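Structure at a glance
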Amino acid sequence: MNKKPMSSTGRRILTAVMMLVLVGQACTFSLFDSGGGTPTPATVVASPTPQVMAQINFVATLPEPLQPSETLAIAILDEVTGLSLNATQYPMNPRDALTYTASIPLPFNTVVKYRYVRRGASQVLEDANSGSAIRYRIYQVMSPSDVQDIIADWGDKSYARPTGKIEGHVFNSDTGSPLPNILVSAGGLQSFTDSTGSFELTGLPVGTQNLLAYSLDGMYQTFQQGAVVADGKNTSVDLRVKPAQLVNITFIVSVPAETVPGVPVRIAGNLLQLGNTFADLRGGISTNAERMPVLSLQADGRYSITLGLPVGADIQYKYTLGDGFWNAERTLDSQWNVREFIVPPQDVIIQDNVPSWLAGNSAPILFEASVPSVTPPGDIIYVQFNTFGWMEPLPMWPLGNNRWAYKLYGPLNVLDSFTYRYCRNGQCGSADDSQTVGAAPHGRQAVTSIIGQDIQDTISAWQWYESPEPVTLVGATIPPRTGGFFAGVEFQSTYRPNWSYYAPQAFANMQALGSNVTILTPSWTYTSSSPLQFSPVPGQDPMWIDSAIMISQARALGLSVALFPTPNFPASSSTFWLNAPRDEQWWLTWFARYRAFAINYADLATQTGAQTLILGGDWITPALPNGTLPDGNPSNVPADADVQWKSLIADVRGHFKGPIFWALPYTKSAISAPLDFLKDTDGIYLLWSAPLSTGAGATKVDYANEAGRLLDNEVAPLATLIGKPLILAVAYPSATQSATGCIPDGKGGCLDWTALNRPNADIESISLSLQTQADLYEAMLIALNTRPWVSGFISRGYYLPAALQDKSASVHSKPTSDILWYWYPRLTGAVK
């Protein structure tokens, strides 16, 4: 039988899923158990050879001369440790008042990340012409050469200067197919390609820019060339990158004698599959422990792992008992130890030795924590440290019997005293120890010493999970619905890189509820309304590969998957719309960007097998025909908006053959508006948070009666008019005021229900009521039970990473989840 070759997307997903399996091993070990592991391969060992260097002359042009007391430096960055934590600065020499140079030896074939620093009374980083921060510039060292850079702006100054744009596409050079999730950089600006391979870099200084396309996982070779930017012009380029072959690289490492036996040793590195998130995480780091591969302990006390890595990739890595900063390996003179090699074209074994985990004279500190017996058995306890701000939390090591430990080796040399706290599943600020609650608590105190310490803490309770409440289920006669009934859960649209680790457990929880569908809400972010900028932001939006893996995990459990692309806003959607110019050109750009957004996820759905696509949302009202702003004024949407939406839906259908639903908010004005384009969709996903009571004394029966009245009088006519399936997507927070449809904002208005989502800060003026949420959901299900024209019921706002009995609409381990557990399998016919 001939086998169909795996697509490049499938190959990348398979590689990433295998990495997740390796990552997951971190939670299955037993502390102090040496284990056996797999035998060390008895083959010829090839260790990285010394790298050949090339002399690179960096030439930087300034926007204005420096002050007499100022100097210029180029900072070569270390993304494995943290961009601001281990940079090497090289002073630059003036060629004239505006031109500075520095000649630096760099290894051949490496990918260098760097930026410029103005040094005076303080250090000021360069930024973009728009005022946005420059994470780094990128250059691939291919030969001795000059690198010409134009510094557009400084963090403390702004300059008016001519700018232009580079736009284009990135393609697979072998197949011609467009490539998503490729980082394209020029002049310090970055853009991630969408499913059509499209990218856009706006606001570049006029002149020749170094344009580079970089594969986050190394699966495609880096491409770079010069690109000329002209004033007010668009420079269009098509880049073709070559796929890389995978080879097996076996890492074998000996660890210091002071290492606690059996603890997980990870590899932190510069590629996506080595824990790099390409985001600015807490404390200035970019790597994430949950996303790093975990080595296996061998019988001889060494650790090993074999990874499939792409030939030609520049690998920068270190061994760690934490992340790239905490408990990462050190040289014997206490310096950070970052290793580097270029992946060769054949399988090799690399033998390494960790010189030390320690830095300086400070002795390690052992943290031991006893946790409450109600802690969910699948949870992992984390410790978070605060030095110059709260850093990314680190997974602790299980001891059994509700006890956890973590031994901190370094970098204690830079600390005197510091604070720390505990949380569940890495969600510090949401799933906290009840003594250190919120985003900025004082924390518990620790002081370094030259003598080893053992700090023993008892966590008396978890915030929002002090004493989980049960629910009393009342039996009901529930006729099973015909095939096609949706019973499921929608994730909230907020995202953090460490959430992906907990997705499999979340899907298992949904399956246990009797769900047959999960609604994923991948996002892009509107970083600016003028000029309009709408694209994925690492750390806030899931990358293409993250969403693809989650779809694969859900489908593996038999769940259908619907994608509901939902944008993020730095402040709020209301602020975005009110601040936007909304003139003719702006609207043209807005529709073009939303079209790209929709097509991106249509392609993702097609390539991963997601069954349904949901467009629209409650935020999109100003862009609908006769649209209005949040303040009630006209939005100035084009008169042909209905035609534009019809065209957009038709374009999406060219990329996705499954059903397309439209997410419509339940309001009188929304469901009565003449939206002709709805006839071009396959159904309505009705976003429901309707008031079911105006008084405090209402009962569950009252809620059910009011829900039935609204469904019959206001929703049924819409369903009849459209003649297509209608799904109720329900969101009621666990708050006493939820039944009124208005969570008071303290200013005479109402909060959006998402204001109570995690990781948002708690709103103390709102009272928690788990029972109110349970009653409201049961009332909605009772109303649905006698209305067969309703084709589905979805619970919105599910908080993926941790069970919390908080005020949000998430039903994760709340009494409401027991209601769904009873109703869902009976509605779908799984339980008779």
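The structure under discussion appears in the preceding block.
Not measured: the values here are computed from a predicted model. (Residues numbered from 1 in each chain as written. Predicted model: local features only at pLDDT ≥ 70, side-chain atom pairs only at ≥ 80, totals over all residues. Heavy atoms only, no water.)

**Side note on the overall build of the protein**
Across its full length, the protein holds ten helices and 44 strands. Relative to a compact globule of 832 residues, whose C-alpha radius of gyration would be 28 Å, the protein shows 28 Å and is just as compact. Summarising its shape, the C-alpha atoms of the protein cover approximately 75 × 65 × 65 Å along the three principal directions. Looking at the protein residue by residue over its 832 residues, the buried ones come to 58%. At a minimum sequence separation of 6, the contacts of the protein that also span at least 24 residues come to 76%. On the protein, roughly 31,600 Å² of surface is accessible, and the fraction owed to carbon and sulfur atoms is 53%. Charge centroids of the protein, computed over 51 positive and 66 negative side chains, lie 5 Å from each other. (Helix = DSSP H or I, 4+ residues; strand = E, 2+ residues; numbered from the N terminus. Rg over C-alpha atoms; globule rule 2.2 N^0.38 Å. Buried < 20%, exposed > 50% of the residue type's maximum accessible area, 1.4 Å probe, protein only. Contact = heavy atoms within 4.5 Å. Areas by Shrake-Rupley, 256 points an atom, 1.4 Å probe, with all protein chains shown as cover. Lys, Arg positive; Asp, Glu negative; His and termini not counted. Charge placed at Lys NZ, Arg CZ, Asp CG, Glu CD.)

**Let's talk about the pattern of salt bridges**
Should their charged atoms come close, side chains of opposite charge can pair. Evaluated as defined, the whole model comprises 33 salt bridges. Note that aspartate 676 and lysine 679 form a salt bridge whose closest N and O atoms lie 3.6 Å from each other. The partner of aspartate 806 in a salt bridge is arginine 758, and the shortest N-O contact between them spans 3.1 Å. Here aspartate 806 is found in the loop between β44 (790–798) and α10 (815–827), whereas its partner arginine 758 is found in the loop between β43 (750–751) and α9 (770–785), with 48 residues between them in sequence. Members of the salt-bridge network, linked through shared partners, are Glu79, Lys113, Arg135 and Asp280. (Salt bridge = Lys/Arg side-chain N within 4 Å of Asp/Glu carboxyl O.)

**Comments concerning the packing of aromatic side chains**
Taken as a whole and assessed by the stated rule, the structure comprises 56 aromatic pairs. Taking 6.0 Å as the distance between ring centres and 50° as the angle between the ring planes, the aromatic pair formed by tyrosine 594 and tryptophan 619 counts as tilted. Here tryptophan 619 lies in the loop between β38 (612–616) and α6 (641–653) and tyrosine 594 lies in helix α5 (residues 584–608), a separation of 25 residues in the sequence. Lying across the ring of tryptophan 154, arginine 118 places its NZ or CZ 5.4 Å from the centre. Against the face of tryptophan 336 rests arginine 330, its NZ or CZ located 3.7 Å from the ring centre. (Phe/Tyr/Trp six-rings, centres within 6.5 Å; stacked < 30°, edge-to-face > 60°. Lys NZ or Arg CZ within 6 Å of the ring centre and 35° of its normal.)

**Quick notes on the environment of glycine 609**
Relative to the elements of secondary structure, glycine 609 occurs in the loop between α5 and β38. The class for glycine 609 is partly exposed, based on a relative accessible area of 24%. When the C-alpha atoms of glycine 609 and isoleucine 551 are compared, they prove to be 7.9 Å apart, with 58 residues separating the residues in sequence.

**Re the sheet that holds strand β11 (residues 163–172)**
Neighbouring strands of a sheet are bound in pairs by backbone hydrogen bonds; such pairs are parallel or else antiparallel. Across the sheet, which stays open at both edges, the three strands sit in the order β14-β11-β17 with mixed pairing between neighbours. Looking at which strands have only one partner, the edges of the open sheet turn out to be β14 (198–205) and β17 (234–241). Strand after strand, the sheet turns through a mean of 25° between neighbouring axes, direction not considered. Sheet topology note: the β11/β17 ladder contains eight bridges and is parallel. Bridging across to β17, glycine 168 finds its partner in valine 237. (Pairing = 2+ DSSP bridges. Axes fitted to C-alpha atoms, helices over the stretch in contact; angles between N-to-C directions.)

**A word on the nonpolar core**
With 192 residues, the main nonpolar core has Phe251, Trp590, Trp645 and Trp688 as its most contacted residues. Residue contributions to this core peak at 13 residues, all from α5. Every residue in contact with tryptophan 645, bar those within four places of it in the chain, is listed here: Trp590, Phe591, Tyr594, Ile620, Ala623, Leu624, Pro625, Trp662 and Phe677. In this structure, Ala60, Ile104, Tyr114 and Val147 belong to the second largest nonpolar core, which totals 24 residues. (Core = buried A, V, L, I, M, F, W, Y, C linked by side-chain atoms within 4.5 Å.)

**Some details on unusual backbone geometry**
Of note, the amide linkage connecting glycine 410 to proline 411 takes the cis form, showing an omega dihedral of 10°. Turning to its location among the elements, proline 411 is positioned in the loop between β29 (403–408) and β30 (417–424). Note the cis peptide between serine 530 and proline 531, where omega equals -5°. Relative to the helices and strands, proline 531 is located in the loop between β35 (525–529) and β36 (532–535). Phi at asparagine 181 takes a positive value of approximately 65°, unusual for a residue other than glycine.

**Things to note about the sheet that holds strand β22 (residues 314–320)**
Spatially, β19-β22-β23 is the arrangement adopted by the three strands of the open sheet, whose pairing is antiparallel. Two strands close off the open sheet at either side, each with one partner strand: β19 (266–269) and β23 (339–342). Ignoring which end each strand starts from, the neighbouring axes of this sheet average 35° apart. Strand direction decides the pairing type here: β22 and β23, joined by four bridges, are antiparallel. What sits directly across from tyrosine 317, in β23, is arginine 339.

**A word on the side chain of serine 523**
With respect to the secondary-structure elements, serine 523 resides in the loop between β34 (517–520) and β35. Of note is the side chain of serine 523, whose polar atom sits 2.6 Å from the side chain of aspartate 541. Beyond its immediate sequence surroundings of up to four residues, serine 523 is in contact with Ser493, Gln540, Asp541, Pro542, Thr566, Asn568, Phe597 and Tyr601. (Polar contact = N/O pair within 3.5 Å; in protein donor to acceptor, adjacent residues only side chain to side chain.)

Read these as layout, nothing more, since geometry by itself doesn't imply function.
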